[in-house]
Amino acid sequence: RKSCNLQQNHDHTECAPTMPRADAGEDPHRCKRPMASFGLPAAVARPVGKKELEGSEEAKFERTKEWARLRRKKVWDESTVQEWSAVAERARQRKKKDPNYTIHMGRLFGICVQKGAELPPGDKRQKYKYRVVFQGNQVVTQNWEVALFQDLGSSPATMEAGKYVDAHGCLPGCSIEQADAEQAYVQADLKGVETWVALPPEAWPASWHKKKMHRPVVKLEKALYGHPDSGTYWEQHCDAALKGVGFDPIHESNWPSCYYHSELKLVLSVYVDDFKMSGPTKNRAKGLNLIRHQAGLALEDPLPAHLYLGCIHEKRTVQLADGRSAQAVVYNMESYLASAVRKYCKLAQSLVGKEIKLSLIHI
């Protein structure tokens, strides 16, 4: 309604109702940080503090595993380790000869969350997740000046595209499956300006501690999460790999990162590291083989569509009004609603000083 009223004020014409959006006024450029607030804090990954992390064997195991995985994938080159001051000084000396030369210097740190925090205690889908990221908001040059990036941007698949994949998978003889890319971004090389990163002390090899290094840095080789341009490098890498094995982009302005394989009749949407594919069941294995082995994209084992972008997808057979049956996908957010109600009851109880009981009615 808001956007419709805005358009009527500008050209005095009627318009169809549209979804809420952030108004950019007369500025034709894209608003990168819209001020619109929709009042739906639906993030379901609960942040885990350092105290909880250190007290949980499961969380510490995930931390150790993540650092080890990145080392195996050679995200940084530890053979290049030097003190921050030495790398910066060498770059400053080189810049005197080549005014265009510069390097970027930043830090890596870990983030721990609990996924599925809204699910009932004991649910197997409730687990700790640890990720090492590049601190993209505090990157400097060798002169401690603020680093400038290309701000390339990326275009993951839309929610609408994911629902189209579901609809396609409900056709006779078709099904839906999904798979996560294994540490998607670091499958792509880091391009652009030479970048050096400092690792936190808990990730130092024993030899660095033995040498009593002050601020060791290593050269970053892969497009690690957090780098302002990593999303673009991964998207470019993924796009080229998929097109190379017959997945053609769906050329529509509002359908980025969506593909169709004309021979296998498979529809694929890629939302960052979430691959969702539907089509004839007999062709799914062939499509997965193309992506994994010929395109060279590392994917986890696929599963029937279930938990996708925080929402549980349930494929069911439904009865129509005329007595016929049809395949449908039900989007279930009941667990999140239940957790929101429990939190409301807890907060309200502390305010009124007495127990409040609410029950959810399953519709």
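Structure first, text after, so check above.
The shown structure was predicted, so the numbers you read here are calculated from the model rather than taken from an experiment. (Residues numbered from 1 in each chain as written. Predicted model: local features only at pLDDT ≥ 70, side-chain atom pairs only at ≥ 80, totals over all residues. Heavy atoms only, no water.)

(A) Structural context of the overall build of the protein. Within the protein, the regular secondary structure consists of 9 helices and 15 strands. Put simply, 63% of the contacts in the protein that link residues at least 6 apart link residues at least 24 apart. Taken as a whole, the protein presents about 22300 Å² of accessible surface, with 55% of it coming from carbon and sulfur. (Helix = DSSP H or I, 4+ residues; strand = E, 2+ residues; numbered from the N terminus. Contact = heavy atoms within 4.5 Å. Areas by Shrake-Rupley, 256 points an atom, 1.4 Å probe, with all protein chains shown as cover.)

(B) Representation of the nonpolar core within the structure. Judged by nonpolar contacts, the single largest core of 53 residues is most densely connected at Leu199, Leu224, Phe247 and Phe275. Every element with two or more residues in this core is listed here: helix 3 (57-72), strand 3 (104-115), strand 4 (127-134), strand 7 (216-220), helix 7 (230-243), strand 10 (266-271), strand 11 (274-280) and helix 8 (281-294). Ignoring any residue separated from it by four or fewer positions in sequence, one finds Leu224 in contact with Leu70, Val75, Leu108, Val132, Val133, Phe134, Tyr185, Val186 and Ser230. By size, the runner-up hydrophobic cluster in this structure holds 11 residues, among which are Tyr101, Ile103, Val140 and Val217. (Core = buried A, V, L, I, M, F, W, Y, C linked by side-chain atoms within 4.5 Å. Buried < 20%, exposed > 50% of the residue type's maximum accessible area, 1.4 Å probe, protein only.)

(C) Seen up close, the sheet that holds strand 14 (residues 311-319). Strand order in the open sheet formed by 3 strands is 13-14-15, and the pairing between neighbours is antiparallel. The two strands at the open ends of the sheet, each matched to only one other strand, are strand 13 (307-308) and strand 15 (325-332). Note: strand 14 against strand 15, 8 bridges, orientation antiparallel. Looking across to strand 15, one finds that Val318 is bridged to Ala326. (Pairing = 2+ DSSP bridges.)

(D) Geometry of the packing of aromatic side chains. Evaluation of the coordinates by the stated rule reveals 4 aromatic pairs. Centre to centre, the rings of Trp84 and Trp144 are 5.2 Å apart; their planes meet at 20°, and the pair counts as stacked. A residue pair is termed long-range when its members are at least 10 positions apart, and Trp84 in helix 4 (residues 84-97) and Trp144 in the loop between strand 4 and helix 5 (159-169) qualify at 60 residues. A relative accessible area of 4% means that Trp84 is categorised as buried. The ring of Trp84 carries the charged tip of Arg215 above its face, separated from the ring centre by 5.1 Å. (Phe/Tyr/Trp six-rings, centres within 6.5 Å; stacked < 30°, edge-to-face > 60°. Lys NZ or Arg CZ within 6 Å of the ring centre and 35° of its normal.)

(E) Expanded view of the side chain of Gln135. Topologically, Gln135 is positioned in the loop between strand 4 and helix 5. Taking the relative accessible area as the measure of exposure, Gln135 reaches 19% and is therefore buried.

(F) Region of the structure containing helix 5. Along helix 5, the positions that sit buried rather than exposed are Ala161, Gly162, Val165, Asp166, His168 and Gly169. Summarising the axial view, the buried residues of helix 5 lie within an arc of 165°, below the 170-degree limit, and thus occupy one face. (Arc of directions from axis to C-beta.)

(G) Structural detail: the pairing of strand 11. Within strand 11, 7 of the 7 residues are buried, which leaves it mostly tucked inside the rest of the structure. Note that strand 5 (residues 174-180) and strand 11 share 7 bridges and pair antiparallel. Residue pairing in the sheet places Glu177 in a bridge with Met277 of strand 11. Pairing analysis gives 5 bridges linking strand 10 to strand 11, with the strands arranged antiparallel. Looking across to strand 11, one finds that Leu268 is bridged to Met277.

(H) Representation of the side chain of His261 within the structure. Tracing the chain through its elements places His261 in strand 9 (residues 258-261). Judged by relative accessible area, which is 6%, His261 ranks as buried. A polar contact of 3.2 Å, which involves the side chain of His261, links it to the backbone nitrogen of Leu264. Not counting chain neighbours up to four residues away, the residues in contact with His261 comprise Val245, Gly246, Phe247, Leu266 and Leu290. (Polar contact = N/O pair within 3.5 Å; in protein donor to acceptor, adjacent residues only side chain to side chain.)

(I) Broad picture of helix 7. Relative to the 20 Å expected for 14 residues at 1.5 Å per residue, helix 7 spans 20 Å between its end C-alpha atoms, a close match to the ideal helical length. Looking only at helix 7, the buried set comprises Ser230, Gly231, Thr232, Tyr233, Trp234, Cys238, Ala241 and Leu242. On the buried face of helix 7, the contacting elements are strand 9, strand 10, strand 11 and helix 8. (Expected span 1.5 Å × (residues − 1).)

(J) Main features of the pattern of salt bridges. Throughout the structure, instances matching the rule amount to 14 salt bridges. The salt bridge involving Asp189 is made with Lys222; its shortest N-O contact spans 2.7 Å. With Asp189 in the loop between strand 5 and strand 6 (195-198) and Lys222 in the loop between strand 7 and helix 7, this pair connects stretches of sequence that are 33 residues apart. (Salt bridge = Lys/Arg side-chain N within 4 Å of Asp/Glu carboxyl O.)

(K) View of the environment of Glu52. Inspection of the secondary structure puts Glu52 in helix 2 (residues 50-54). Residues in contact with Glu52, not counting those within four places in the same chain, are Arg46 and Tyr128.

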